[in-house]
Amino acid sequence: MEKIYGTRSYWKAVFKQERKRKAKKALTYICAFFLFTMPVWMFLDYIAKGY
């Protein structure tokens, strides 16, 4: 049983890796979100200044 599930330190390492990967993914999504919304906000700002 112990061998199948691995040791506690093993799971800790796995969890750490997983968290790092999730953080990277989240950062990527945030960057993409800003890249896509930035032109929209600039455009809206431009329209607002135009009136």
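Keep in mind the model is a prediction, meaning the values are calculated, not measured. (Residues numbered from 1 in each chain as written. Predicted model: local features only at pLDDT ≥ 70, side-chain atom pairs only at ≥ 80, totals over all residues. Heavy atoms only, no water.)

**Details of helix α2 (residues 8-50)**
Here comes step 1: The end-to-end C-alpha distance of α2 is 62 Å, a good match for the 63 Å that 43 residues give at a rise of 1.5 Å each.
Here comes step 2: Along α2, the sharpest change in direction is near 30 degrees and occurs at Thr-37; proline Pro-39 comes one to four residues later.
Here comes step 3: In terms of burial, α2 is largely open, as just 1 of its 43 residues are buried. (Helix = DSSP H or I, 4+ residues; strand = E, 2+ residues; numbered from the N terminus. Expected span 1.5 Å × (residues − 1). Bend = angle between axes of the 7 residues up to and from the residue. Buried < 20%, exposed > 50% of the residue type's maximum accessible area, 1.4 Å probe, protein only.)

**Comments concerning the packing of aromatic side chains**
Here comes step 1: On inspection of all chains with the given rule, the structure shows 2 aromatic pairs.
Here comes step 2: Aromatic side chains Tyr-10 and Trp-11 sit 5.4 Å apart centroid to centroid with 70 degrees between the ring planes, which places their arrangement in the edge-to-face category.
Here comes step 3: We classify Tyr-10 as partly exposed; its relative accessible area is 45%.
Here comes step 4: Ring centres 6.1 Å apart and planes at 65 degrees place the aromatic pair Phe-33 and Phe-34 in the edge-to-face group.
Here comes step 5: Judged by its relative accessible area of 52%, Phe-33 falls in the exposed class. (Phe/Tyr/Trp six-rings, centres within 6.5 Å; stacked < 30°, edge-to-face > 60°.)

**What about the side chain of Thr-37?**
Here comes step 1: With respect to the element layout, Thr-37 can be found in helix α2.
Here comes step 2: Classification of Thr-37 by relative accessible area gives buried; the value is 18%.
Here comes step 3: A polar atom in the side chain of Thr-37 sits 2.8 Å from the backbone oxygen of Phe-33. (Polar contact = N/O pair within 3.5 Å; in protein donor to acceptor, adjacent residues only side chain to side chain.)

**Examining the pattern of salt bridges**
Two side chains that carry opposite charge are able to pair once their charged atoms sit near each other.
Here comes step 1: As enumerated under the stated definition, the model contains 2 salt bridges in all.
Here comes step 2: With a closest N to O distance of 3.1 Å, Arg-21 and Glu-18 form a salt bridge. Of this pair, Arg-21 and Glu-18 both sit in helix α2, 3 residues apart, which is roughly one turn of the helix.
Here comes step 3: Under the relative-accessibility criterion, Arg-21 is labelled exposed at 55%.
Here comes step 4: In this structure Glu-18 comes out as partly exposed when scored by relative accessible area, which is 29%.
Here comes step 5: The closest approach of N and O atoms between Lys-49 and Asp-45, which form a salt bridge, is 2.9 Å. Of the two residues, Lys-49 and Asp-45 are both situated in helix α2; the distance of 4 residues between them amounts to about one turn of the helix.
Here comes step 6: Judged by its relative accessible area of 40%, Asp-45 falls in the partly exposed class. (Salt bridge = Lys/Arg side-chain N within 4 Å of Asp/Glu carboxyl O.)

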